[in-house]
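Commentary on secondary and tertiary structure
Residues per chain are reported as follows:
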Amino acid sequence: MNHPTDPHEMTQASTQVGTHAGYMPGFGNDFETEALPGALPQGMNSPQRCNYGLYGEQLSGTAFTANPPERTWCYRIRPSVKHSHRYEKIDLPYWKSAPFVDPDVISLGQYRWDAVPHSDQGLTWLTGMRTMTTAGDVNTQVGMASHIYLVTESMVDDYFYSADSELLVVPQEGRLRFATELGIIDLEPKEIAIIPRGLVYRVEVLEGPARGFVCENYGQKFELPGRGPIGANCMANPRDFKAPVAAFEDREVPSTVTVKWCGQFHTTKINQSPLDVVAWHGNYAPYKYDLRTYCPVGAILFDHPDPSIFTVLTAPSGQPGTANIDFVLFRERWMVAEDTFRPPWYHKNIMSELMGNIYGQYDAKPQGFVPGGMSLHNMMLPHGPDREAFEKASNANLGPDKLDNTMSFMFETRFPQHLTPFAANEAPLQDDYIDCWTSLEKKFDGTPGKK
Ligand SMILES: [Fe+2]
């Protein structure tokens, strides 16, 4: 057992030999972990009396009869009914949910933003969330929202859960700690975390200010994409996903739990920390993943595969092949294709594509798409390389070329994304983004063989 000191006071389970301290490897495994010896019942879930006087409670992430069902059994100091009382509605005006279509905002367009700057305002995970786009409908559990977070302050005796969504967190700057019911996840740029629907947590700033991106998934959970003919290896490998070991605190202090439920926020007051799960087992858990372990697969002779080949995680919709969300990673890689236009091709897409830059330079846009910045190429709107990228790629001597110092991602959804007033009016929108294609020339003059 590990009894860590500051900045958190949680009693954490020891880690099994051969794994990363504080985490258990594997994607969607049936994990088991206990922060006190013997706290986890063996051979059954619901004994007449649990060890240490703990309460047994199940957290269901799918309907009972889903195949496979996703659920976790928690053994906790108090059942969750003690961490929930009367609710009072509050306003978090910058956190929006779909459907949110502002008649004064035009979402039809190609948009790009610089990094949203920090202010001198103290902001927590909740007050610092800035919704950029919404898509689908939170009430029917389809679609998503994209957010930027700007966090400078830790949540103190303040907890949160979203009944609406699973959160995919993509840090760009600073380090955060997610102290959750099921354990602790420390997160820094080049890593991502998934916080499941319904899981209670608080967010602490380990190194600030912190900025990053969030994809709020209203729909079915993220899963690993099928690799098809690629086979069993490469892309995101299951062993590189890490769920936290159990950790709990026994702290009796007035506390607040904020709940996001059907797009609205409510708080409830309780008298203790709800992070009191001493042991748990199951396959419904938060996890993190190091993007540097993503093994890209690409063209090794000629031509340019679709960007779906860089899918890290996919959240399916009801229709196979048309994801509610794909999370796609554009990272360092070798470019070796012969006689090929190597950057992304010109494109018009029924899926809407929201990109963010974690660090470095993106190959289709050498300028203007900056770390912390975002771009949106909405449903059926054309996009592609700017003139500089086109000319350079069309005239390059095509030897093996390492695309270095680059890490961008895409949240791609089958639904159109609607800009919030914050995205349209307050965030640093680049008014001239659309001009990046203006100088592209007509080269055609009817001459056969001209290239
Ligand atoms: Fe595209």
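As a reminder, the structure under discussion sits directly above these lines.
The paragraphs below set out a description of the structure included in this document.

What counts as what
- Residues numbered from 1 in each chain as written.
- Predicted model: local features only at pLDDT ≥ 70, side-chain atom pairs only at ≥ 80, totals over all residues.
- Heavy atoms only, no water.
- Donors = N, O, S within 2.8 Å, 3.2 Å for Na, K, Ca; no water.
- Tetrahedral: all angles 85-135°; square planar, octahedral: opposite > 155°, others 65-115°.
- Buried < 20%, exposed > 50% of the residue type's maximum accessible area, 1.4 Å probe, protein only.
- Helix = DSSP H or I, 4+ residues; strand = E, 2+ residues; numbered from the N terminus.
- Pairing = 2+ DSSP bridges.
- Axes fitted to C-alpha atoms, helices over the stretch in contact; angles between N-to-C directions.
- Salt bridge = Lys/Arg side-chain N within 4 Å of Asp/Glu carboxyl O.
- Core = buried A, V, L, I, M, F, W, Y, C linked by side-chain atoms within 4.5 Å.
- Contact = heavy atoms within 4.5 Å.

What follows deals with the coordination of the iron ion. Distances from the iron ion to its protein donors, His347 (ND1), Glu353 (OE), Glu353 (OE) and His383 (NE2), fall at 2.2 to 2.3 Å. Classification of the site at the iron ion as irregular follows from its four donor atoms and the range of 57 to 150 degrees in their angles at the metal. For the iron ion, all donor residues lie on one chain, and their spacing in sequence is H-x5-E-x29-H. Taking relative accessible area as the criterion, Glu353 reaches 6% and is therefore assigned buried.

On a regular strand, one side chain projects to one face of the sheet and the next to the other, so that they alternate. Of all 17 residues making up strand 14 (residues 201–217), 13 are buried, and the element is well covered by its neighbours. As judged from the 13 bridges shared by strand 11 (residues 166–180) and strand 14, these two strands associate in the antiparallel manner. The residue bridging Val170 from the neighbouring strand is Phe213, located in strand 14.

Here we come to the sheet that holds strand 22 (residues 325–335). Strand order across the open sheet formed by six strands is 7-24-23-25-22-21, with antiparallel pairing between neighbours. Whereas interior strands pair on both sides, the edge strands pair on one side only; in this sheet they are strand 7 (110–113) and strand 21 (311–315). This sheet shows a mean twist of 15 degrees between the axes of neighbouring strands, independent of strand direction. Sheet analysis places strand 7 next to strand 24 (residues 374–377), joined by four bridges and oriented antiparallel. The residue of strand 24 that forms the bridge with Trp113 is Met374.

Two orientations exist for strands paired in a sheet by backbone hydrogen bonds: parallel and antiparallel. Here four strands make up an open sheet; going across it, the order is 3-19-5-4 and the pairing antiparallel. For this open sheet the edge positions go to strand 3 (31–34) and strand 4 (55–60), each flanked by a neighbour on one side alone. With direction set aside, neighbouring strand axes in the sheet form an average angle of 20 degrees. As paired elements, strand 5 (residues 71–76) and strand 19 (residues 277–282) share five bridges and run antiparallel to each other. Of the residues in strand 19, the one forming a bridge with Tyr75 is Ala279.

In total, this model carries 25 salt bridges according to the counting rule given. Here Arg251 and Glu249 are joined by a salt bridge, their closest N and O atoms 3.6 Å apart. With relative accessibility at 21%, the residue Arg251 sits in the partly exposed group. In this structure, Lys450 engages Asp445 in a salt bridge whose closest nitrogen and oxygen atoms are separated by 3.7 Å. Taking relative accessible area as the criterion, Lys450 reaches 45% and is therefore assigned partly exposed. What you see here is one network of salt bridges that share partners, running through Asp157, Arg202, Glu204, Glu249 and Arg251.

Further remarks concern the nonpolar core. Formed by 52 residues in total, the largest nonpolar core has its most connected members in Trp113, Leu168, Val170, Phe222, Leu313, Phe327 and Phe411. Among the elements that make up this core, the one with the highest residue count is strand 22 (five residues). Other than its neighbours up to four places away in sequence, Leu168 contacts Ile192, Ala193, Ile194, Phe213, Val214, Cys215, Phe222, Phe327 and Phe411. Ranked by size, the runner-up nonpolar core spans 49 residues in total, among them Leu92, Leu167, Tyr201 and Phe248.

These figures capture arrangement, not role.
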